[in-house]
Amino acid sequence: MFCGRLADVPVDADPAGARAAAAAMVLGLAHDFHEVRVDMTWDPVRRPGAWTAQVTVASPPPRQEEA
């Protein structure tokens, strides 16, 4: 779960730009920390300036060879 302000996104950014920045951050974290590719599906907006999304694993991490 991520909640809060996005770094490098101005307060007056348009919603599409803010969601794109959030998606890029989540996709990058999933790749860097879990070595997976994820898909994001944005939920309908319930209140202005706040968004939620469902994140699902699109590809499992690569198998690690045992030493």
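Just above sits the structure.
Attention in this report is confined to the structure presented alongside it. Predicted model, so just to flag it, every value in this text is computed and none were measured.

Analysis parameters
Residues numbered from 1 in each chain as written. Predicted model: local features only at pLDDT ≥ 70, side-chain atom pairs only at ≥ 80, totals over all residues. Heavy atoms only, no water. Helix = DSSP H or I, 4+ residues; strand = E, 2+ residues; numbered from the N terminus. Buried < 20%, exposed > 50% of the residue type's maximum accessible area, 1.4 Å probe, protein only. Salt bridge = Lys/Arg side-chain N within 4 Å of Asp/Glu carboxyl O. Lys, Arg positive; Asp, Glu negative; His and termini not counted. Polar contact = N/O pair within 3.5 Å; in protein donor to acceptor, adjacent residues only side chain to side chain. Contact = heavy atoms within 4.5 Å.

Quick word on the overall build of the protein
On a plain count of helices and strands, the protein comes out with 1 helix and 2 strands. Going from N to C terminus, the protein has its helices and strands arranged as α-β-β. Within the protein, the proportion of its 67 residues that are buried is 13%.

Topic: the pattern of salt bridges
In this structure the tally under the stated criterion is 1 salt bridge. Put simply, Asp39 and Arg37 hold a salt bridge, and the shortest N to O gap is 3.5 Å. Residue class for Asp39 comes out partly exposed when judged on its relative accessible area of 38%.

Considering the side chain of Asp43
Residue placement: Asp43 occurs in the loop between β1 (37-42) and β2 (53-59). Nearest to the buried, unbridged Asp43 among oppositely charged side chains is Arg46, at 5.4 Å. Side-chain polar atoms of Asp43 contact the side chain of Gln54, separated by 3.2 Å. Once you skip the residues sitting within four places of it in the chain, Asp43 turns out to touch Thr52, Ala53 and Gln54.

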